[in-house]
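Structural features, examined
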Amino acid sequence: MMTDIVCIGEPLGEFNATRGEAGAYRFGQGGDTSNCAIAAARQGAKVAYIGALGDDEPGRSFRTLWAEEGVDDSHVSTHPSAPTGLYFVSHGPQGHVFSYVRAGSAAALYGPAQLPRDLITSAKVIQASGISQAISTSACDAVFEAFATARENGVLTAYDTNLRLKLWPLTRARAIIHAACEMADIVLPGDGDAKLLTGLEQPDAIVDFYLKLGAKVVALTLGHEGSLVATPSRRQRFVPIKVDAIDATGAGDCYDGAFLAEYIRTGDAFTAGAYANVAAALSTQGYGAVAPLPRRAEVEARIAQEAAGRA
């Protein structure tokens, strides 16, 4: 059975600070590419994950979660001694703040030799991110190898630039991420990260930069200002919908998963951009990375509501 989307990266156990009780945290699951995989699965895509977990409770919680969400984890290995990575989220006046405990994680020890090439070549899209490559040299090489295998076999590649300067210096991040984007058919940058990586300020200049690297589609998320989708021949800005946003922890990941699921379904980047724009906004209405990710019925209902309001 063909898989629509295969995501590669690091799953992370999440401890999200609760409001109103000092020192209290709610446990959940996160990690950008895992969030993307779940978001895509909730839109109806057939999704698989590549990576590694520790033989611990956070790792086992991912197995349970992915089984519930319909994400195939049969190609995710369990490391006998290395742990599953963790992160903590606190909420302040400037938004959410992340702290990580991930050095030496099982995912960081993953390498090219472990890649399931049959799964990669049978998929429609392989998705990875800057974080997938920042966690270790071997993980970085695994993404490059996965993309090379995909491109040799006519499989689309999608890359979120997701920049984490706590994991690597900007100079190295810029070199690796640009090289990965040169191998990507679909580039999914966030506005803040893209400004640092490209040295550019304007959204149109940023999408031009990634198109010149060879992308067929660039979908630039702009936070509360919506998103911009571009191909070599067309571009379109999508304005945000109004929501009661309380936590944007996984909004960019939701955008990625929803965009890829809809792009596979329709073959149209602009339909996918409009759809993902709504899905990402809806995902900010709850706490944590996974729980608020909307399902297709919810997204379609909101799209219909927005259309009725414009009629």
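Everything in this summary refers to the structure shown in the same document.

Analysis parameters
- Position numbers for residues count from 1 along each chain, tracking the sequence in the order it is written.
- Given that this is a predicted model, residues contribute local features only at a pLDDT of at least 70 and side-chain atom pairs are listed and counted only at 80 or more, while totals for whole chains, interfaces and linings are drawn from all residues.
- Neither water nor hydrogens contribute to the side-chain values; these are computed over all heavy atoms in the structure.
- Only runs of H or I of at least four residues qualify as helices and only runs of E of at least two qualify as strands under DSSP, and these elements are numbered from the N terminus.
- Our radius of gyration is a C-alpha quantity, and the globule rule it is checked against amounts to 2.2 Å times the number of residues to the power 0.38.
- Exposure classes here rest on a 1.4 Å probe applied to the protein chains alone. A residue is buried below 20% of its type maximum, exposed above 50%, and partly exposed in between.
- The working definition used for a salt bridge is a side-chain nitrogen of Lys or Arg within 4 Å of a carboxyl oxygen of Asp or Glu.
- Each cavity reported here is a set of points on a 1 Å grid over the protein atoms alone in which a 1.4 Å probe fits but cannot get out, each pocket an open set with protein on both sides within 12 Å along at least five of seven lines, and each lining residue one with an atom within 4 Å of a point.
- Grid points are joined across faces, edges and corners, and a volume is the space filled by probe spheres set on the points.
- Each aromatic pair joins two rings of Phe, Tyr and Trp (for Trp, the six-membered one) with centres within 6.5 Å, and gets the label stacked for planes under 30 degrees apart, edge-to-face for over 60, and tilted for any other angle.
- Lysine NZ or arginine CZ positioned within 6 Å of the ring centre and within 35 degrees of the ring normal marks a charge as sitting over the ring.

1. Some words on the overall build of the chain
Across its full length, the chain holds 11 helices and 14 strands. Against the compact-globule benchmark of 19 Å for 311 residues, the chain has a radius of gyration of 18 Å, which places it among compact chains. Structurally, the chain occupies a C-alpha span of about 60 × 50 × 40 Å along its principal axes. By the burial criterion, 57% of the 311 residues in the chain qualify as buried.

2. Remarks on the pattern of salt bridges
In this structure the tally under the stated criterion is 19 salt bridges. Put simply, Arg265 and Glu262 hold a salt bridge, and the shortest N to O gap is 2.8 Å. Of this pair, Arg265 and Glu262 are both found in helix α9 (residues 251–266), 3 residues apart, which corresponds to roughly one turn of the helix. Since its relative accessible area comes to 3%, Glu262 is described here as buried. Through salt bridges with shared partners, a single network forms among Glu262, Arg265, Arg296 and Glu300.

3. As for empty space enclosed by the protein
Counted according to the given criterion, the structure contains 1 cavity of 30 Å³ or more. In this structure, the largest cavity encloses a volume near 70 Å³. As for the largest cavity, its lining consists of Ile8, Gly9, Gly51, Ala52, Ala107, Tyr110, Ser132, Ile135, Ala139, Ala142 and Val143. Of all the secondary structure elements, the ones that give two or more residues to the lining of the largest cavity are β4 (47–54) and α5 (137–152). Among the elements that take part in the lining of the largest cavity, α5 stands out by supplying 3 residues, more than any other.

4. Digging into the packing of aromatic side chains
In this structure the tally under the stated criterion is 12 aromatic pairs. An angle of 80° between the planes, with centres 6.1 Å apart, marks the rings of Phe147 and Tyr159 as edge-to-face. Here the residue Phe147 occupies a position in helix α5, and Tyr159 occupies one in strand β10 (residues 156–160), the gap between them amounting to 12 residues. Like Tyr159, Phe147 is buried. Here the aromatic rings of Phe259 and Tyr263 are separated by 6.0 Å at their centres, their planes lie at 15°, and the arrangement is stacked. Of this pair, Phe259 and Tyr263 both sit in helix α9, 4 residues apart, roughly one helical turn. The burial state of Phe259 is the same as that of Tyr263; both residues are buried. Taken together, the ring pairs in this structure connect Phe15, Tyr25, Phe27 and Phe88 into an aromatic cluster. Taking NZ or CZ as reference, Arg234 lies 3.8 Å from the ring centre of Phe270, over its face.

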